[in-house]
Structure formats: structure tokens, C-alpha cells
Amino acid sequence: MSLNEYLREKAGLKGTKVMCREAGCGCCAVTVSHLPTDSNTVKTYSVQSCLTPLYAVDGWQISTVEGIGSQRDGFHPIQERIAKFNGTQCGYCTPGMVMNMYGLLHQKPNITAQEVEDNFDGNICRCTGYRPILDAMKSFSEDANIPGRKAIDIEDLNKNLCPKTGETCSGNCGSRSLDLEISGARWYRPLTLADLGKVMKANKDKKTRLFFGNTSTGIYKNDGPFDVYVDLHRVKELFSFQATDTNVRLGAATTLTQFLEKLRGHQEKPGFKCFSQVHKHLKVVANVMVRNAGSIGGNLMIKHNHKDFPSDIFTTLEAAGAQVEIFDTASSAKKTVPLLEFMTSVNMSGKVLTAVILPRLADNVVYRTFKITPRWQNAHAYVNAAFKIPFADMTVKGQPSIVLGGISADTIHAKKTETFLANKKLSAAVVKEAYSTLRDELVPTESPLESSAKYRKELASGLLYKVLLGLCGTKNPKVRTGAEDLHRPVSSGLQTYQEMAREFPLKHALPKVTSTLQASGEAVFVNDMPKFQQELFAAFAIADVGSAIIGSIDPSEALKIPGVTHFLSAKDTLCNDFPQPMNPELFATKEVFYAGQPLGLVLAETQPLAIEAAKKVKVNYSKVMTPILTVEDSLARGKEFESKRKTTVIGNPDDAWKSVDHTVEGTVSMGSQYHFYMETQVTLAVPSEDGIDLYASTQNSDLCQFAASRVIDKPMHFINITVPRVGGGFGGKSLDTSTLAAAASLGAYKTKRPVRLSLDLSSNMRMLGKRPPYKATYKAGFTKEGDVQVIEVDYMVDVGFTEDGSFFTTYSMGYLDMCYHVPNWKIVGKSMMTNKRTMVAVRAPGSVPAALISESIFEHVAQALGKHSTVVKELNLYSEKQTDLTGHVLNNCTVRELWRRLKDVAEVDARIRQINAFNQENQWKKRGITMTTCKYGMCYFGAGHGATVTIFARDGSVQISQGGVEMGQGLYTKVAQGVAHILGVPLDNIKVRPNQGVISPNSVVSGGSVASESSMQAAIGAAEILRERMKPIKEKFPDADWKTLCEKSNASKIDLTARFLNEHRMGSPYINYHTYCVAVTETEVDVLTGESQIRRVDIMADYGESLNPMIDIGQTEGGFVMGLGNFASEDTIFDSKTGQILNDGTWNYKPPTTKDIPIDWRIHLLPDTPNPSGIRSSKATGEPSIALSVGGLLANKQALQSARKDLFGKEDFIPVVAPFTVERAQQSVGLNESLLAV
Ligand SMILES: Cc1cc2nc3c(=O)[nH]c(=O)nc-3n(C[C@H](O)[C@H](O)[C@H](O)COP(=O)(O)OP(=O)(O)OC[C@H]3O[C@@H](n4cnc5c(N)ncnc54)[C@H](O)[C@@H]3O)c2cc1C
Ligand code: FES
Ligand code: FES
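Everything numeric in this text was worked out from a predicted model, so none of it was measured.

S.K.: I tried to follow the overall build of the protein chain on my own but got confused; where do I start?
M.R.: Tallying secondary structure elements over the protein chain gives 37 helices and 42 strands in all. Its C-alpha radius of gyration of 31 Å places the protein chain within 12% of the 33 Å reference for a compact globule of 1238 residues. Its C-alpha atoms put the protein chain at 90 × 80 × 70 Å along the principal axes. In the protein chain, which comprises 1238 residues, the proportion classed as buried is 65%. Surface accessibility of the protein chain: about 42,800 Å² in total, with carbon and sulfur atoms responsible for 50%. Put simply, the protein chain has 138 plus and 130 minus side-chain charges, and the middle of one group is 2 Å from the middle of the other.

S.K.: It is not clear to me how the site of ligand 1 should be interpreted in this structure. Could you clarify?
M.R.: Leu 210, Thr 215, Ser 216, Asp 312 and Lys 371 are the nearest of the 34 residues found near ligand 1. Separating an oxygen atom of ligand 1 from a side-chain N or O atom of Asn 299 is a distance of 2.9 Å. Considering ligand 1 on its own, with 970 Å² of exposed area, one finds that the protein chains cover 96% of that surface. Within the residue set of the shell around ligand 1, elements represented by two or more residues are strand S6 (208-211), helix H11 (296-305), helix H12 (312-320) and strand S12 (351-359). Among the elements that line the shell around ligand 1, the one with the most residues is H11, at 5 residues. When the residues that make up the shell around ligand 1 are grouped by side-chain class, the tally is 18 nonpolar, 12 polar and 4 charged.

S.K.: How should the UniProt feature "active site" (unreviewed entry) in the protein chain be read in this particular structure?
M.R.: As annotated in UniProt, the feature "active site" (unreviewed entry) corresponds to Glu 1183 in the numbering used here. As for its placement among the helices and strands, Glu 1183 is situated in the loop between strand S41 (1160-1165) and helix H35 (1184-1188). Taking relative accessible area as the criterion, Glu 1183 reaches 10% and is therefore assigned buried. If near-sequence neighbours (up to four positions away) are discounted, Glu 1183 is found in contact with Arg 843, Ala 844, Pro 845, Tyr 936, Gly 1008 and Ser 1009. Side-chain polar atoms of Glu 1183 contact the side chain of Tyr 936, separated by 2.8 Å.

S.K.: Would you explain the environment of Ser 345 in this entry?
M.R.: Relative to the assigned elements, Ser 345 resides in helix H13 (residues 339-345). Accessibility expressed as a relative area gives 53% for Ser 345, which makes it exposed. Separated by 214 residues in the primary sequence, Ser 345 and Leu 559 place their C-alpha atoms 44 Å from one another.

S.K.: What is the right way to look at the packing of helix H32 (residues 1011-1036) against helix H33 (residues 1042-1051) in this model?
M.R.: It is the contact of H32 with H33, at a shortest axis distance of 10 Å, that shows an interaxial angle of 110°. Between H32 and H33, the crossing angle belongs to the class labelled roughly perpendicular. The chirality of how H32 crosses H33 is right-handed. Contacts between H32 and H33 involve Met 1030, Ile 1033 and Lys 1034 from the former and Trp 1042, Leu 1045, Cys 1046, Lys 1048 and Ser 1049 from the latter. Partitioning the contact of H32 with H33 into residue classes produces 5 nonpolar, 1 polar and 2 charged.

S.K.: Please explain helix H15 (residues 428-441) as it appears in this structure.
M.R.: Compared with an ideal rise of 1.5 Å per residue, which puts 14 residues at 20 Å, H15 spans 20 Å between its outermost C-alpha atoms and is within 8% of the ideal. The set of residues buried in H15 consists of Val 430, Val 431, Ala 434, Tyr 435, Ser 436, Thr 437, Leu 438, Arg 439 and Glu 441. At its buried positions, H15 is contacted by strand S16 (401-405), helix H14 (415-421) and helix H16 (453-472).

S.K.: Just to check I follow, could you spell out the pairing of strand S25 (residues 662-670) for this structure?
M.R.: A regular strand places its side chains on the two faces of the sheet in alternate fashion. Sheet analysis places S25 next to strand S30 (residues 774-782), joined by 9 bridges and oriented antiparallel. The partner of Val 668 across the bridge, within S30, is Ala 776. Relative to strand S42 (residues 1216-1218), S25 runs parallel, the two sharing 3 bridges. Residue pairing across strands places Ser 669 opposite Val 1217, the latter belonging to S42.

S.K.: What's the story with the packing of aromatic side chains in this structure? I'm lost.
M.R.: The description of an aromatic ring pair rests on the distance of the ring centres and on the angle between the ring planes. If you walk through the whole model with that rule in mind, you get 28 aromatic pairs. Measuring from centroid to centroid gives 5.7 Å for Phe 1120 and Trp 1161, while their planes differ by 50°, and the two rings are tilted. Here Trp 1161 lies in strand S41 and Phe 1120 lies in helix H34 (residues 1109-1128), a separation of 41 residues in the sequence. Given the relative accessible area of 0%, Phe 1120 is considered buried. Linked through ring pairs, Tyr 55, Trp 187, Phe 211, Phe 226 and Tyr 229 together constitute an aromatic cluster. Its guanidinium or amino end placed over the ring of Phe 226, Lys 207 lies 4.9 Å from that ring's centre, counting from NZ or CZ. Note that Lys 779 overlies the ring of Trp 657, its terminal NZ or CZ placed 4.4 Å from the centroid.

S.K.: How do you make sense of unusual backbone geometry when you look at a structure like this?
M.R.: With the exception of glycine, the majority of residues adopt a negative phi angle, and the majority of peptide bonds are in the trans configuration. Going from Gly 224 to Pro 225, the amide bond is cis rather than trans, its omega being -5°. By the element assignment, Pro 225 lies in the loop between S6 and strand S7 (228-231). Cis rather than trans, the peptide bond between Ala 1218 and Pro 1219 has omega equal to 0°. If you trace the backbone, Pro 1219 turns up in the loop between S42 and helix H37 (1222-1227).

S.K.: I would appreciate a short explanation of the pattern of salt bridges in the present structure.
M.R.: Under the defined criterion, the tally for this structure stands at 72 salt bridges. For Arg 502, the salt bridge is made with Glu 503, and the minimal N-O distance between the two is 3.7 Å. Here Arg 502 falls in the exposed class, since its relative accessible area comes to 58%. We note a salt bridge from Lys 873 to Glu 855, for which the minimum N-O separation is 2.7 Å. Taken together, the positions of Lys 873 in helix H28 (residues 869-876) and Glu 855 in helix H27 (residues 847-865) put the pair 18 residues apart, joining distant regions of the chain. Across the pair, Glu 855 and Lys 873 agree in class, each one buried. The network of salt bridges with common partners includes Arg 911, Arg 927, Glu 1082, Glu 1084, Arg 1095, Arg 1096 and Asp 1098.

S.K.: Help me understand helix H31 (residues 971-983), please; the structure alone is not making it clear to me.
M.R.: Note that an α-helix has 3.6 residues per turn; residues three or four places apart therefore point the same way. Helix length check: H31 (13 residues) gives 18 Å between terminal C-alpha atoms against 18 Å at 1.5 Å per residue, within 8%. For H31, the buried fraction is high: 12 of the 13 residues fall into the buried class. Those residues of H31 that fall on the buried side of the exposure criterion are Leu 971, Tyr 972, Thr 973, Lys 974, Val 975, Ala 976, Gln 977, Gly 978, Val 979, Ala 980, Ile 982 and Leu 983. Positive phi shows up at Gly 984, right after H31, with a value of about 70°.

S.K.: What should I look at first to understand the packing of H15 against H16 in this one?
M.R.: Relative orientation and spacing of two packed helices are given, respectively, by the angle between their axes and the distance between those axes. Contact pair H15 / H16: the axes reach a minimum separation of 8 Å and the direction vectors enclose 155°. Here H16 runs roughly antiparallel to H15, going by the angle between their axes. Handedness of the H15/H16 crossing: right-handed. On H16, the residues that touch Val 431, Ala 434, Tyr 435, Leu 438, Arg 439 and Asp 440 of H15 are Lys 457, Glu 458, Ala 460, Ser 461, Gly 462, Leu 464, Tyr 465, Leu 468 and Cys 472. Here the residues of the contact of H15 with H16 are counted per class, giving 9 nonpolar, 2 polar and 4 charged.

S.K.: Please clarify how the nonpolar core should be interpreted in this entry.
M.R.: Here is a general trend for soluble globular proteins: nonpolar side chains tend to be buried in one another's company. Counting residues in hydrophobic clusters, the biggest one holds 267 residues, and the most contacted among them are Leu 404, Val 793, Trp 924 and Val 958. Listed in part, the 38 residues of the second largest apolar core include Phe 272, Leu 282, Ile 313 and Val 365.

Definitions and limits used
- Residues numbered from 1 in each chain as written.
- Chains lettered and ligands numbered in written order.
- Predicted model: local features only at pLDDT ≥ 70, side-chain atom pairs only at ≥ 80, totals over all residues.
- Heavy atoms only, no water.
- Helix = DSSP H or I, 4+ residues; strand = E, 2+ residues; numbered from the N terminus.
- Rg over C-alpha atoms; globule rule 2.2 N^0.38 Å.
- Buried < 20%, exposed > 50% of the residue type's maximum accessible area, 1.4 Å probe, protein only.
- Areas by Shrake-Rupley, 256 points an atom, 1.4 Å probe, with all protein chains shown as cover.
- Lys, Arg positive; Asp, Glu negative; His and termini not counted.
- Charge placed at Lys NZ, Arg CZ, Asp CG, Glu CD.
- Near = heavy atom within 4 Å.
- Polar contact = N/O pair within 3.5 Å; in protein donor to acceptor, adjacent residues only side chain to side chain.
- Nonpolar A, V, L, I, M, F, W, Y, C, P; charged D, E, K, R; others polar.
- UniProt positions renumbered as here; feature names shortened; annotations may be inferred.
- Contact = heavy atoms within 4.5 Å.
- Axes fitted to C-alpha atoms, helices over the stretch in contact; angles between N-to-C directions.
- Parallel < 35°, antiparallel > 145°, perpendicular 65-115°, else oblique.
- Left-handed = near helix turned anticlockwise from the far one by under 90°.
- Expected span 1.5 Å × (residues − 1).
- Pairing = 2+ DSSP bridges.
- Phe/Tyr/Trp six-rings, centres within 6.5 Å; stacked < 30°, edge-to-face > 60°.
- Lys NZ or Arg CZ within 6 Å of the ring centre and 35° of its normal.
- Salt bridge = Lys/Arg side-chain N within 4 Å of Asp/Glu carboxyl O.
- Core = buried A, V, L, I, M, F, W, Y, C linked by side-chain atoms within 4.5 Å.

Here's what the structure looks like:
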């Protein structure tokens, strides 16, 4: 059992969250305090509770988020700070953020901003875009320029006293040995190497697992189960640290965090300069919490057991010439061997790694390491490399050491290149030959989850070139920066906005009303609800092939497992035809259409049992076919949903071609983004006396209620639905949640027991819909000035297995013009069937692909004319009253104003000149800058949102029930602000209650950015009714305070509850108004590796009169960063044979983390621009900004095109492919050795 399971399931401490269960997301963070074996002082640090075995923390003090502060006992300063800085949206990641910071402050109360920024590499937040979280945490630092900065009070760090002694933790309780029997396995905690030897000898025929941090189980999950577990935390011989003039010796149980400290302490000493490089490298190994828990020995042993593991520790230490000390429990002898020998020829059975020894290096040795990754932090390497080169007088003195990871299981040293370089005097010719020797000797293993072999060969060779370039101390200034790494300073943010004091607390920049509850872990998500008596846990049995005919489904093996109670399939439903349009059947009956399709539901006494049993359900397929996984394949196999083809013609494109000066043609493609909400999908169905109480994490309670009733053939009133809160939705909980609602409801109905259905991350990613991939070809015609006259676009959308996904084909078509007026269009959109779950909305589903296509076209036009893209885009911007692609007249079109102001504020022209100069001076580091736009059509679809406002007469407090769903977007806050404004009561006098079917039935889905404003307007409507009703009392008692007025109203028999439906009326033809925003994005790319960073982003948005600028800026930042992921690192990868998703976890799927965000990020809301068509002059803010982030991709492309121009004299346009990964960026240039000047 993990510490997380214990905290959540046994201790009932649900503030600690869980999501990935592989140390990749950070939401499960807690702090541990204990006396480490090698220390006299208690250490407190953060760890991921999901991988921490419960018995490993015997005697340790554990602090969880609710333990450091709460509503009742007062919030902790970290909880207050993250809330005040608007660092929480859905709040699912927040407890993890808080506890990680708590651990950091324990280690370093006087923290710097840099140390804060380095500390959040393992905490993913999908909502906020990280900037407000970092600001909140940096406000504890001594050097950050953050308003409200204040260091932590030391008393706030020692709040948790030992329940036994009433004092601070002495740490002594965890020092005893253990010998336990746990669920049939033996568990030991020996205190000495000799004891450890005895344990191992006694169990030599058993399957034994030594462990320290146990973090490797986040990567290699299937190594167990074991008969014997041996905890190494107290084996004192594994902790020694000795430094002499000739070497440094570290015990194998040294954690990676301690290793970092030791390296820093010794890097200035003669002969140990290389430690500064290892130190730099270690800071990007795994993440802070894994480094706190995991050991050097553990890391080396992973590599020993799994030769293809790209261990950074091994690569860096092997090049440095490290040795390891091994203890053989059979002979009780110790032996020291070179690291290479340990890795290649020592059988570690019955042996223990006791120490690592790093030698002193001669003064003339140059030592450099690299780690190139798909995102900046918490990612394993495409390739890691370490070079140790003895060097003097421009000559390699003897044999260098070149160690590479990520190439293949067999590749350790680049032997041919080492031999080639031995004793060579460096020259341009030698450098070129070294590059090609290395490239040619490497044979990378091909795998769909790895980058291409070609890239890894060229990357490794490029890294060698970097090292040699540095050694040459080149006189050629243009190539000099090629030797350097990209440097990222501490990030900063600036926000400017207007508030409307006359409507306060509406239009006031306020943090969210529930933010402190989220920060203290007291906010209750569905899976945090206490266990009901007799509760069962459910897991879906899913198809493991993408296209097959089902022969039979056999659950017998699953049902044999003790504790597994039921298996339900289509024949158990009363109606298997499903009301959710994207998925015609709840459980597949005859045919499987995608790998991940639900076949049935396993019910068991615990969730781990249900998950284990679901994997044991056997499916016999009578026929298995090759799945269709790409639009090209779909086209080739004639699988277009032809009736869904959509064509738009505007103007007269055929004629327009005749009059244009120039044309360009190209392609754009985009992959598929997973929502990556931090709370995976979950539903709890509880039988009641007259139906089922359903608790769902959904954006669409109405559809869930319907699906849950339909599957058991009951009327909708049988289902009483509540949506407590949603831990991030982004569109993914609009339709797919109904599958869970129906299945859980079926389980509860059939068994008459409560059923909890909470998806593990892998099932969530495999089963449910994602952002659809696109492939477009385009042709544009334009004048010599860059005025675009005509565009033709032909695109294919991968809509998944049902034609319902063709919604996206139509939807994105309407966005293709973005903010650019083009008089003639011909657009053809094709919906392509594939063997994937029907695609679903992911934040701004129409505008994201459209922005990629349209902004790319304008970049291409500019490139063809030799102009900067800002010039061409500006020329083509929409003006007031022009008609857009969808036939809407653009009234109050502010795009030109935004563009003009932002260009000015962000000093775009001057920066273009600086970038041009930089690019002329630098061949291997290139910069790009571009402006992007978004015109986001807001449509009030559906019946509308309703709200019920109740005033409690006895004390005047106010309660609001409404139909919108709070998923982090600040809906409750805006609702409360609106009612507070109308009734004139303080915000803390108001409570907004969750969406409940009984009070807010027939709710339209909370999506498309409308729910916050619309729910707020509904609540305002209800509050106005109450205000009107109370008016006579107010007139009669003009001086009475609010409470008295309420009492008197009640005494006068005035109904103090009112309901109002904010009826939706669509605009004409359907859009009500447009939200406009513009961004400037500047990036820098390392041409040799493909890595890039966003140097600066400026955004200006027209949000009308923002209902809450703090929340709206939070939406802008969150959307923008989610888009950066879509355009830079996120895509789903499928197995071409089975159709299964291969990257179904955090190890291989990489949303942005804190260092992927802009270094300098400025956001401005356009002042004095009320929106006449929006609710209370406001505009929607949830989705528009995501499209702007295509600027990161396009700026990178500009940079790389500059490289191509330098290297090949080519002024071509690199085809646009999203995500434009580090690999794709590097490969788009096309390097070869002839280009490598020194
Ligand atoms: C999310 C995540 C990201 C990561 N990213 C990186 C990365 O970027 N680069 C990288 O190099 N690594 C990375 N790692 C690996 C990480 O560094 C290791 O998991 C960690 O160092 C292992 O230490 P541990 O003490 O937890 O080992 P454990 O998990 O406790 O043990 C690992 C293995 O070593 C054995 N073992 C442990 N100690 C000894 C010993 N003294 N003698 C003999 N056998 C022993 C165990 O039996 C087990 O087989 C990542 C891990 C995770 C979970
Ligand atoms: S749940 Fe532990 S890190 Fe994700
Ligand atoms: S607030 Fe961070 S994931 Fe939602």
C-alpha cells in the first residue's frame, strides 16, 4: 500500500490528491520529517505520496495539506498566498503545489526566486499557466520583485507538533529495524550492512526487492510482485560521504538532492570543477520530489536492470570515470569496480551497491554534459551525453570519453569517435570528421515512443560539435554561441487592467471565492467523498485492439479474484444504445471500433482490485483488422464520411486567381491533444430510497442524468445528480462523462450498492476522446504589397469512429479567417473516419486548428515577399463593419486597435530590428518574433442558464444554486460578485452551491466560455427579483440594515427565494459577438539541438468590461500555456498494429511545466471598451487566448528559416507541423558536417 492510499482511503485525508500514480504530476505531494541515517538533524522535504510505500515511513512525521492550515484553524501563509495571487483555478493541483513549497521552505527558509522557480518541475497545473503560482511562491523569496513579498515566519514552519510528545518531531521514531509480514510478503528494515546480508542470504531463493525511494516503480511498473521487500533507509553503511584530494565517495543511498548539495559544496575544489557540470545536469534529472526521495544507487540499478533506460546519472558519472563499490552478501566482501564494468558484466543477484566514487580529474580535462528533452523539465532525454576530454594546445591529450544515453541498450561509449579524436589537434577538418564519425557509428533503436534514429544521431553529433567548438575557442563570432546552452533567467509577469469601481465587487480584480479551500485541501472533489457502506469500485474492461469483430467476452479469470464481485456488459443494460452522440453503445456488442472502447464493467471491493481484474477480462476476437489511424490512411481506404463534407465559397475565387501577383502553396498538420485535466474522470452512484444519487465530475450534468437514467430504463427523475466541483474540464467532461455516469448508474442499479467509478490515468487516456488531428493543404494569392486576395484550403479532420466528430470539420471552418479579411475563399473540409474514439472538444476546438492554418498562411505570404509577417498581417486585418467568413458583420471590431496598441507597447518594430541584427551575428542561435491574433465567436447556445437565489431571513446570508459548473474558470466567483453587487451585500455573505439537478435541471453544458457570464446573469436576474420584492420594505425602513430588512421582508411574507433563467438568444446568423486578442511572441532556438525558449510574450485582449480582471487574466494565461503544449510538445502516439495509445501516462505525454512558459510575460486588457452585446458589457475569456500561442511555433519557424538562409541561402518556408517538437525544429534545418565552421 502506498502512503497516498493510506492517507486517502484509511486516514480519510483527502486533501492529498492522486492522479498519475507515477511521480509525474505532483498533486499527491506531502512532506516527510525524519532523522536521516547520516544526520543529527531532522530533515523535512516533499515527496510524492503515490510512490512512497506506507511501511517505508514508519516512525516518520507526515504533513499533509490539511495539517498545515485549514478554515477552522487558520490557513497557512502558503495557502493564503497561492489563493491571493490567483494561483488556483480548479484547485486539483493546488495541495501538491502548497506541500512542495512547504518542503522547500523547510529546507531553505531564506529562499531566492531562482530556487523557487527550480522547485516546481514536478508539479503540473493544467489551468493557471503557472505564472500566478510562481509569483505566489516567489513572494516568500528574499530577492523577487513581487508586491506583497514577505519571508516565511519560522513559526509557520514548525506548526505540526508530534502527537506523542507535543514537541516538534525529534525524528527518532523511524530508526528502528522492521521485520513484518504484510499481505503474504516479508518486509524488512535492517540497520547495518551485516543485517542486510543476513536478510538477503536467508531469502536468497525468494524474489527480493531492495528499495530506497521506490521511485523506479513510477517508470517500471511491472517488475513485481515480490516475496521480500528490503528497505535500505537505515543501513548506515550506505550513507557515508568522504572527500579526499583524489576522490569523493558517496554512499549509494545518497539521494539525488543530497548529491546536488555535495556537488555544489565541492565544485570549487581543485580537480573537481566537473562537479559544476554534473550539478547543472542533475537539476534536470526527474523532478524535485523524485530527487528528494530517490537515490544514486537506485538510479544506477534501474540502468543495470533496464539497459535502455537513459539514466542521466550513469551517463554523467561514467564519463567522469566513476567507480562503484559492491557488497556481496554471499561472501560478505566488498569490491570496487569501474562503473562500466558494473553495468556490463556484474551480476547483481545477492549484491548491494554501497557507494559511488568520483575521481579527481586532471586540470587540463574539459568535462561537459547535455540533456536534450521534449520539454524543459521532468522529461527523460531524447539523448543525454557527457564528454571528458583532456585538452591542451588545441590538442586532445590521449583518449577522450564520450558517453551517450538514449541511443540504444548497447551504446555507452562512442568508441570510434573516441579513438578518432585521441591525440588529434583540432582543426575545422577534424571537427567535421569527428561529427560524421560519431553520426555514422551510432545505431539508435527505433521505437514509436522515441524520437527518430536520424534525429538522435544528428543530435549526438551536434552535441559533440558544441563541445569541440567550445574547445576551439573559435575566432568566428558568428558560430561562437553554438557552443553555449540556452540560458533561462527567472521569469516575470506584468498585468495591466481597468476596474469599474461603480459596479464593485463586480468588475473588481478579486481572487476566487473558494481558493483558500482549494489551497487547504478542504475543497471536496467527487473522489474525495467518503466511502459509503457496501461501496463497490468499478473499472472498465476495454478493448486492446482498434478494429475487430468480437467473438466472445470471458470475465471468468477476473471474477475468480477474491473481492471481485460482478462483471456487467451490454446484456446487463436495459438500453445499451447510448444517448451520447459520440459513442453509440455504452459497451461494445459486436464490433470494436477503437482500442480503449469499453466492453464491460468490473466491480470489486477496492479500486486496485477492480483495475487488476479489468485487465483479466479476456476477449476473443473472431476477426482482427488493421486499424486506420491517420487521415491519409483513411483517405486511401475510402473512409471519408462523405455526407459530412463541407464546402464554403466566398467571393469569386476562380476569378481572383487571375488578378493576383503571387501565390504560395503549402501544408499544415496538427496532432491530437489530450485534455490532461488533473482530476481524471469520476462518477459515484449511490442507490437511494427512490432512485440513484449521482455525483459526477462533469461539465454536462443534464446529459449525465439522461444517460444514467436511460441505461437502466428509468425516467430522469430517478437520478438525482450533483456536481460538487470539477478538477479541470477543458471540454473533456462535456460528453464523455456520460459514459461513466451511465456505467456507474448501471452498477448501482444492478447491485443495489454504491458504485464509484474513477478512471486511472491510462484508462482515461485510452478510452476517451481528444482534440482531433488536422491535415490541410492551402494555396494563397496576393498582391506584391502582401494584400491577400484569395485563399483555398482543403483539409481533412480525423474525427474518430463516428461521423459525429464531423462537428469539428464544420466548426473550425468558420474560424479560418481569424482576424484577416480575405475577399475570396474556397474551403473544403473532409471528415475522415479512423479507429479512434470519436474526437471531442478540447479548449477552443475550432479556433486552435484554424489559427494554426491561417497564421501559417500569412507567415508564408510574408516569407515569399521577403517582408516581416507583422507587415503582411497588419495589412490584412479586419476593419469595422467588414463581413467575416461566416457572414457576420464585425461590429465593434477592435482588432486593429489592439494590434496598433500592442505593437507600440511591445516595441515590435525595434525588436524586429534587434532580432535581425542578432540573427546576422549568430548562426547557431536564432531568434524569431511574430504577432498572432484571435477572433473568437461567442454564441449563446442552448436554452440558457438558470439560478436560484435565496436570502436567509434570520441573518441575511445569501445562497445561490445555479446550473453552471465550476471547473476552475471562476464561475462561482463571478456569480457571487454579481449578486453582491445587486443586493449590496459583502461577498463573504454569499455562498454559491454546486450544480444540482433538483434545483437547476435542464442545464446547458458549461462550455464554449459562456457559462460564467450566463450563470452570473441568471443569478443577477434572480437577485433583481428579490431586490424588487424587498423594495417596499426598504422604502418603509430606509435606515434599516440588511439583516433587519431581511427579517422584516420575511415577516411581511415576502418570498425570499427567486429563480431566473438567463435565456440564451443566438446572434445573427449565430454569433452574438467576438472576443479579440493579439499577441507578440519572441523566441530563441538552438539550431544544433532544436531546443527553444520563449523570451517574451505580450498579449492585449479586448474583454469588454472584464467581470473580474484577475480571473480573466488567469484564463488568458492558462489558455495560452495549454496552447503552447498543443503546438510544441503534446501529441498522442498509436501502435500501428493494435491501434492502442502508447503514451498513456506522464512518462511519455508532456504538457508544459513551469519553465516552458514565457520568461517575460506581459498581459494588458484593453481599457474603455464596453461590449454592447455581452453580459454587463463583458466578453468571454476562457477560450480565445489559446489560439494566440501558435506564435511560439511560428516564431521558432522564423528563427529556423533564418538558419536555413545562413546555411543554404534558402528562403523557403518550412512546412508547418504541430506539435513543432524539439526534434522537428532541429530536423527542419537539415544539418550536415560541411556546414560546421569553427
Ligand atoms: C517521474 C520520474 C522521472 C525521472 N526522470 C529521470 C531522468 O530524467 N533521468 C534519470 O536519470 N532518471 C530519472 N528518473 C529515475 C530516478 O532518478 C530514479 O527513479 C531514482 O533515482 C531511483 O532511486 P530510488 O532510491 O527511488 O530507487 P528504487 O526505486 O528504490 O530502486 C530502484 C532499483 O534499484 C535497486 N536498488 C536500490 N538501491 C539499491 C542498492 N543500494 N543496491 C542494489 N540495488 C538497489 C532496487 O532493487 C530497484 O531495482 C525518474 C524517475 C521518475 C519516477
Ligand atoms: S499522483 Fe503522485 S505524482 Fe501524480
Ligand atoms: S488549478 Fe492547477 S490543475 Fe487546475
